[in-house]
Amino acid sequence: MSRVLEVENLRISFPDGQGGRLYPVDGVSFSLERGETLALVGESGCGKSLTSLALLQLIPPPGRIESGSTVRLGDIDVLGLRGERLRQIRGRRIGMIFQDPMTSLNPVFKVGDQIAEGIRAHFDVSRAEARSRSFNLLQEVGIPDARSRLDAYPHQLSGGMRQRVMIAIALAAEPEILVADEPTTALDVTVQAQILEVLDRLRATRGMAVLLITHDLGIVAGRADRVAVMYAGQIVEEAPTARLFARPSHPYTQGLFASVPRLTGPVQRLTPIGGSVPPPSAWPAGCRFRPRCPKAFEKSELAPPLLPVEPDHRMRCWLAETGGARG
Amino acid sequence: MRRWLLRRTAQAAVTLAIAITLLFVLMRAAPGDPLSRLQGDRLLSREEIASLRERYGLDQPLLTQFGAFVGGLARGDLGVSIEYGRPVTSLLAERLPATLQLGGAVILLNFTLGLWLGVRQAVRRGSREDRWLTVASLGGYATPSFWLGLVLAWLVGVKWGLLPPAGHSDPLLDSGAGFLERTVDLLRHLALPVLTLSAVTIATTMRHQRNAMLDVLRDPFMLTARAKGLSERAVTWRHAWRNALFPVVTLFGLWLPILVTGSVFVEAVFAWPGLGSLAAAAVGHRDYPLLMGAALLTAVLVVAASLLTDLVYALLDPRVRLS
């Protein structure tokens, strides 16, 4: 397998309003292989969406990506690109789908034109050719009666149809990486399954790598090859999906699983994680999960690095050194 | 669409009828009438006044007078101005071109320069340029146009002699002057009144356009547009601006009648022969027929502007249906 995306030590900062800066994303590193799906899982506010926006330098001002951060696409250093060279990467190498299809499409343009625009931004083709490609894309994402839907406006489509259009836009310039930021959160449950199925199918047929950003562990199982769990601006655990589900090791990951209701097995009381996710201004020194962690011990006052649990399983917790037992 | 147009036209007719009736009654309720001035100055005898009153129908009951006015209106006859002794329609028609020139130039300037500056400000929000333009637009907004007009007329027109300080055309211009020469002369005369009226209006346009753009720039579809790989120009002008036009269209709908009927102050300062000064004089003279004519024109324009605004909305926004 070849590596298509490599993110190293990504740090994103925002002014804190008092002359200093806060770091909602603080040293995130991960990589993506060709054809692979990596799920970035975490609660809202953990920095997962900002991480995805940073891949194409889409962080809204006054936020900024700190120097020392790296995003590499093959041998291209994305964060060093500006202007036209950056534009050529957006959509062409990485396509993006956003959370809310109701507001992510421009209300005053026909959906066919919104797709064709993405094609013509990267390929030198005629309007007619772009339109015919848009038609193919609409068919590919499973929109019935695609010919007439080309001339529909977003408000004339249902939420699920709009999200399919968003996917078609993201695919317009045939990117090798698809970033899906909570692609199903705003949709009905039945529609969620359909959209996820479309994404699975496209990954298989197009051989794309997918970065799936979600707060929902339920959609990760059986869909992602690997999972990275984020907490307070950092990745706290990373493992192949099967292993993470079998043996969640970081106390935060364990807490996440304990708070997800299960349909099989005996009925159990859910155990929510105590307290709430602190904002970046209130992150503690040392391990950031420490104040909410049932297993915190003396060493938690020091910030842990990502430590190996098993060869391809790492977590940001000192317990990894002792195989889970307190030292 | 056809049904919408029919319904809106019917609505417009009702609005106009109410406006006309109200105006007619209010005008008669104001103290004095067209002839009381002549009477006070003892220029005319009691008998002469009475015969004039009879001649203009002012001795008739109010209802009869109103009936006569509406009857004339149906024939396209707005009556004869008491002050000028000429048909109201021809007086209005005479003044209309100058007013359209002034109002048209101001609207054009707003629609180009005003919108462009507002968009620029929003895109460069917080920059030095944005802050200076904000100061300038607040200054323009706070400046009374009659004062600015006087200062410009005196400074640019009289002291520096760069542009004509008053009037619509050079009276000494050769009547055989070519089209180009006459156009240049008109533009020179237009410059100061247009500048005066534009200072306030462009300030408002800029503020509206800036705020509308800032709202749209926060919309999630802007992220989609950028993530597709569109140029910043396409993102700003195609995706953002199209959506930020709506508040400005409303603003223009409100302005259209004001600019077309003319600014009383600016026309007075620059001796611009437009409708504004004509209407102002008509109020002073209690020139009922002329005043009703000018008011009717304004009312028609207000109704037409609101119709036009709705049409433009429907044209710009596919979610708006004319039904």
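It should be emphasised that the depicted structure is a prediction, and the values quoted were computed from it without experimental measurement.

So, how was this worked out
Residues numbered from 1 in each chain as written. Chains lettered and ligands numbered in written order. Predicted model: local features only at pLDDT ≥ 70, side-chain atom pairs only at ≥ 80, totals over all residues. Heavy atoms only, no water. Helix = DSSP H or I, 4+ residues; strand = E, 2+ residues; numbered from the N terminus. Buried < 20%, exposed > 50% of the residue type's maximum accessible area, 1.4 Å probe, protein only. Areas by Shrake-Rupley, 256 points an atom, 1.4 Å probe, with all protein chains shown as cover. Lys, Arg positive; Asp, Glu negative; His and termini not counted. Charge placed at Lys NZ, Arg CZ, Asp CG, Glu CD. Contact = heavy atoms within 4.5 Å. Buried area = accessible area lost by both parts, 1.4 Å probe. Salt bridge = Lys/Arg side-chain N within 4 Å of Asp/Glu carboxyl O. Nonpolar A, V, L, I, M, F, W, Y, C, P; charged D, E, K, R; others polar. Polar contact = N/O pair within 3.5 Å; in protein donor to acceptor, adjacent residues only side chain to side chain. Domains from an automatic or database assignment.

Overview of the overall build of chain B
Part 1 of the reasoning: Regarding its fold elements, chain B presents 14 helices and 0 strands.
Part 2 of the reasoning: N-terminal to C-terminal, the α/β element order of chain B is α-α-α-α-α-α-α-α-α-α-α-α-α-α.
Part 3 of the reasoning: By residue count, 41% of the 323 residues in chain B fall in the buried class.
Part 4 of the reasoning: Within the structure as shown, chain B displays about 17200 Å² of accessible surface, and the carbon and sulfur contribution to it stands at 66%.
Part 5 of the reasoning: Of the side-chain charges in chain B, 32 are positive and 22 negative, and the distance between the mean point of each set is 13 Å.

Quick look at the interface of chain B and chain A
Part 1 of the reasoning: At the interface, 19 residues of chain B touch 25 residues of chain A.
Part 2 of the reasoning: Buried area between chain B and chain A, summed over both chains or domains, comes out near 1900 Å², and the portion from carbon and sulfur atoms is 64%.
Part 3 of the reasoning: The largest share of the area that chain B buries against chain A comes from B:Ala227, B:Lys228 and B:Pro318, three residues that together contribute 30% of it.
Part 4 of the reasoning: Viewed at the interface, chain A and chain B are joined by 2 salt bridges.
Part 5 of the reasoning: Elements with a minimum of two residues in the side of chain B that touches chain A: α9 (220-227) and α10 (232-244) of chain B.
Part 6 of the reasoning: Top element by residues in the side of chain B that touches chain A is α9(B). It accounts for 6 residues.
Part 7 of the reasoning: Broken down by class, the residue content of the side of chain B that touches chain A amounts to 8 nonpolar, 5 polar and 6 charged.

As for the side chain of B:Thr196
Residue and element names in this part refer to chain B.
Part 1 of the reasoning: Along the chain, Thr196 falls in helix α8 (residues 179-217).
Part 2 of the reasoning: A polar contact is formed between the side chain of Thr196 and the backbone oxygen of Leu192, at a distance of 2.8 Å.
Part 3 of the reasoning: Apart from the residues lying within four places of it in its own chain, the contact partners of Thr196 are Ser145, Leu148, Gly149, Leu152, Val266 and Phe270.

Description of the environment of A:Arg269
All names here are of chain A.
Part 1 of the reasoning: Structurally, Arg269 can be placed in the loop between α9 (251-258) and β12 (307-310).
Part 2 of the reasoning: Residue class for Arg269 comes out exposed when judged on its relative accessible area of 79%.
Part 3 of the reasoning: Distance from Arg269 to Ser259, taken between C-alpha atoms, is 9.0 Å for residues 10 residues apart in sequence.

A short note on the side chain of A:Glu117
Part 1 of the reasoning: Locating A:Glu117 in the fold gives a position in helix α3 (residues 111-120).
Part 2 of the reasoning: For A:Glu117, a relative accessible area of 10% translates into the label buried.
Part 3 of the reasoning: Within the structure, A:Glu117 has its side chain in polar contact with the side chain of B:Arg238 (distance 2.3 Å).
Part 4 of the reasoning: Residues in contact with A:Glu117, not counting those within four places in the same chain, are B:Lys228, B:Leu230, B:Arg238 and B:His239.

A few points about the domain arrangement of chain B
Part 1 of the reasoning: Here chain B is described as being made up of domain 1 (15-74) and domain 2 (95-282 + 304-316).
Part 2 of the reasoning: Taking only C-alpha atoms into account, the centre of domain 1 of chain B sits 38 Å from that of domain 2 of chain B.

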